[in-house]
Amino acid sequence: MNRKKLSLPMRILIALVLGVVVGLVCYFTDNAAFTENWLKPFGDIFVNLLKFIVVPVVLLSMIDGILSMDDMRKVGSVGIKTVLYFLCTTAVACVIGLILANIFKGAGLFPDLSGQLGSAEYTPSEYAGLMATIVAIFPTNMWESFRTANMLQVIVIALFLGGAMLAAGEKSKLCRDFVASAYSVIERLMHFIINLAPIGVFTYMAWVVASQGAEILGHLALVLLCAYIGYIAHGLLVYSSTVKLFAGVNPLTFFRKASPAMLFAFTSTSSAATLPVSKECADDLGVNSDVASFVLPLGSTINMDGTAIYQCVAAVFIASCANMDLTLSQMVLIVVTATLASVGTAGVSGAGMIMLAMVLEAINIPVAYIGLIVAVDRLFDMGRTCLNVSGDIACSVCVSAMERRKEAARKK
Ligand code: ASP
């Protein structure tokens, strides 16, 4: 019998819908514990598998990308375009987040939780300051960076090793062959793990809906709505227009082909864990492999537009709960700190909320007030990770098209 296998996006979508249905049934029959004890562990196994390959994927993929470009000038040109795209889109994301949050606040749509401020419980970790944070990007021990999965350090290691292999020329042949061979093995492994994605999506979705259904329906619904309008507006305005403008890609095609990674990010809430899926989507969108290998790992670590929107919305909301009216200069400060905080946010579940502390500190709001939204962070995180990952893929599409044009012009 010639049975046609469903495509991965289709299987992920079906898993998502089934997950919502099962989650709702468990929510209304008071069986949330079942999803927590029996379904979520399978999602955890899947996410663990993804996390376990994330360090080799980022390291090997970036070195492989640098080696395929075969020219430090091209690495520089791709690097500059990538970082510019990331910074500009993140700044726009902050502005969108602030405008929406102020509209919601102005219309009295944010709930008044000021009575609960005393009970807000959240103990932030110490923020070391800007210079100390920059110094910490440079590793003292390579193995320690791998062991702790410190992705910014892994990226620095990849840049140095890749650059050194290019500079060493012929003598680095053995190392280059090793990277190419190890990367193909990791790619096979990635492929295998990604095929398990529907299981991860189904189990996580059922668990989230069953255990957080009350919060979705509760008083934080409007703050969530505000953030989600921001996520959607940013995706539609910024990514649609940039992929069209820089790469001539139809936005609908872009979102259709990026959907497996978006859906996966939505349920896993980790850009780093979604990296293998993003790579497949970028391939599907015709992004040059060397550019995708370089841009996507970098993006999954430093490009977080969804996180920036969330941080702006959360900052305005928390300020309004504390009865503080933000001045224009405080808003500008939010844009700057939220852009930096989103760069420093790791691509893992919940990291954006930890970095929110930095934004609140900048505008002198007690960070303990994060406790007001801690319960629903996962719901914010699902949307922001989805947007973060779309931004990485959009950037790879744009940079790849620009590099291709440059190459063609040079050959003429
Ligand atoms: N979970 C997000 C990501 O991996 C980071 C965040 O918490 O904002 O992209």
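Preceding this paragraph is the structure being described.
So, here is what we can say about the structure in this document.

Here's the deal with the packing of helix α10 (residues 251-268) against helix α11 (residues 271-284)
Then, number 1: Running from N to C, α10 and α11 point in directions that differ by 170°, and their axes come no closer than 7 Å. Classed by the angle they form, the pair α10 and α11 counts as roughly antiparallel. In this structure, α10 contributes Lys-257, Ala-258, Pro-260, Ala-261, Phe-264, Ala-265 and Ser-268 to the contact, and α11 contributes Ala-273, Thr-274, Val-277, Ser-278, Cys-281 and Asp-284.
Then, number 2: In terms of residue class, the contact of α10 with α11 is built from eight nonpolar, three polar and two charged.

Describing the site of the ligand
Then, number 1: The environment of the ligand is formed by 16 residues, the closest being Ser-271, Thr-307, Gly-352, Asp-381 and Arg-384.
Then, number 2: Thr-307 places a side-chain nitrogen or oxygen 2.6 Å from an oxygen atom of the ligand.
Then, number 3: The separation between a nitrogen atom of the ligand and a polar side-chain atom of Thr-385 is 3.1 Å.
Then, number 4: Computed on the free molecule, the ligand has an accessible area of 270 Å², of which 100% lies beneath the protein chains in the complex.
Then, number 5: For the shell around the ligand, the elements supplying multiple residues, two or more each, are α15 (351-362) and α16 (377-411).

What about the pattern of salt bridges?
Then, number 1: Taken as a whole and judged by the stated rule, the model has 13 salt bridges.
Then, number 2: With a closest N to O distance of 2.6 Å, Lys-81 and Glu-403 form a salt bridge. Of this pair, Lys-81 sits in helix α3 (residues 72-106) while Glu-403 sits in helix α16; the two residues are 322 residues apart in sequence, bridging distant segments of the chain.
Then, number 3: Linking Arg-384 and Asp-377 is a salt bridge whose minimum nitrogen-to-oxygen distance equals 3.1 Å. Residue Arg-384 shares its accessibility class with Asp-377, and that shared class is buried.
Then, number 4: Connected through salt bridges with shared partners, the residues Glu-187, Lys-279 and Asp-283 form a single ionic network.

Section: the nonpolar core
Then, number 1: Grouped together as the largest cluster of nonpolar side chains are 131 residues, with contacts concentrated most on Phe-110, Phe-254, Phe-294, Leu-356, Ile-373, Phe-380 and Ile-393.
Then, number 2: Looking at this core element by element, the count peaks at 15 residues for helix α2 (residues 32-69).
Then, number 3: When neighbours within four sequence positions are excluded, Ile-393 is seen to be in contact with Phe-254, Ala-258, Ala-261, Ser-278, Cys-281, Leu-285 and Leu-296.

Brief notes about the environment of Met-355
Then, number 1: With respect to the helices and strands, Met-355 occurs in helix α15.
Then, number 2: We classify Met-355 as buried; its relative accessible area is 18%.
Then, number 3: Taking the C-alpha atoms as reference points, Met-355 and Met-69, separated by 286 residues in sequence, lie 34 Å from one another.
Then, number 4: For Met-355, the residues in contact, after removing those within four places along its chain, are Gln-311, Ala-341, Gly-344 and Thr-345.

Here we look at the packing of helix α13 (residues 305-321) against α16
Then, number 1: The contact between α13 and α16 brings their axes to 6 Å, and the two run at 140°. With respect to α16, the element α13 is oriented oblique. Residues Asp-305, Gly-306, Thr-307, Ile-309 and Tyr-310 of α13 pack against Asp-377, Phe-380, Arg-384, Leu-387 and Asn-388 of α16.
Then, number 2: Here the contact of α13 with α16 is composed, by residue class, of four nonpolar, three polar and three charged.

Some remarks on the packing of aromatic side chains
Then, number 1: In this structure the tally under the stated criterion is seven aromatic pairs.
Then, number 2: Taken together, a centroid distance of 5.0 Å and an interplanar angle of 70° make the contact between Tyr-27 and Phe-28 edge-to-face.
Then, number 3: When the ring centre of Tyr-310 is taken as reference, the NZ or CZ atom of Arg-384 above it lies at 4.1 Å.

What about a nonpolar patch on the surface?
Then, number 1: A cluster of nonpolar side chains, namely Leu-6, Met-10, Leu-13, Ile-14, Val-17, Leu-18, Val-21 and Val-25, defines an oily patch on the protein surface of about 660 Å² accessible area.
Then, number 2: For Leu-6, the location among the structural elements is in the segment before α1 (8-28).
Then, number 3: On the basis of relative accessible area, Leu-6 is assigned to the partly exposed category, the value being 45%.

Thoughts on α16
Then, number 1: Over its 35 residues, α16 extends 50 Å from the first C-alpha to the last, a length consistent with the 51 Å expected when each residue adds 1.5 Å.
Then, number 2: Burial of α16 is extensive: 26 of the 35 residues sit out of reach of the surface.

Re helix α9 (residues 221-247)
Then, number 1: In this model, α9 (27 residues) spans 37 Å end to end at C-alpha, consistent with the 39 Å of a helix rising 1.5 Å per residue.
Then, number 2: Two residues or fewer past α9, Gly-248 is found with a positive phi of approximately 65°.

A word on the state of the cysteines
Then, number 1: Inspection of the entire model under this criterion finds zero disulfides.
Then, number 2: Free of any disulfide, Cys-94 has its nearest cysteine sulfur in Cys-312, 4.0 Å distant.

Section: the environment of Asn-37
Then, number 1: One can find Asn-37 in helix α2.
Then, number 2: Its relative accessible area of 46% is what places Asn-37 among the partly exposed residues.
Then, number 3: The spacing of Asn-37 and Trp-207 is 170 residues in sequence and 9.3 Å in space, taken between C-alpha atoms.

Structural notes on the side chain of His-234
Then, number 1: Along the chain, His-234 falls in helix α9.
Then, number 2: Among all residues touching His-234, those that are not within four sequence positions of it are Thr-89, Val-92, Ala-93, Ile-96, Tyr-239, Asp-305, Ile-309 and Leu-387.

Examining the side chain of Ser-400
Then, number 1: The topology assignment puts Ser-400 in helix α16.
Then, number 2: At 3.0 Å, the side chain of Ser-400 and the backbone nitrogen of Asn-288 are in polar contact.
Then, number 3: Setting aside chain neighbours within four positions, we find Ser-400 in contact with Gly-286, Val-287, Asn-288 and Val-291.

Thresholds applied
Residues numbered from 1 in each chain as written. Predicted model: local features only at pLDDT ≥ 70, side-chain atom pairs only at ≥ 80, totals over all residues. Heavy atoms only, no water. Axes fitted to C-alpha atoms, helices over the stretch in contact; angles between N-to-C directions. Helix = DSSP H or I, 4+ residues; strand = E, 2+ residues; numbered from the N terminus. Parallel < 35°, antiparallel > 145°, perpendicular 65-115°, else oblique. Contact = heavy atoms within 4.5 Å. Nonpolar A, V, L, I, M, F, W, Y, C, P; charged D, E, K, R; others polar. Near = heavy atom within 4 Å. Polar contact = N/O pair within 3.5 Å; in protein donor to acceptor, adjacent residues only side chain to side chain. Areas by Shrake-Rupley, 256 points an atom, 1.4 Å probe, with all protein chains shown as cover. Salt bridge = Lys/Arg side-chain N within 4 Å of Asp/Glu carboxyl O. Buried < 20%, exposed > 50% of the residue type's maximum accessible area, 1.4 Å probe, protein only. Core = buried A, V, L, I, M, F, W, Y, C linked by side-chain atoms within 4.5 Å. Phe/Tyr/Trp six-rings, centres within 6.5 Å; stacked < 30°, edge-to-face > 60°. Lys NZ or Arg CZ within 6 Å of the ring centre and 35° of its normal. Patch = residues over 30% accessible without salt bridge, like charges linked within 9 Å, V, L, I, M, F, W, Y side chains within 5 Å. Expected span 1.5 Å × (residues − 1). Disulfide = S-S within 2.5 Å.

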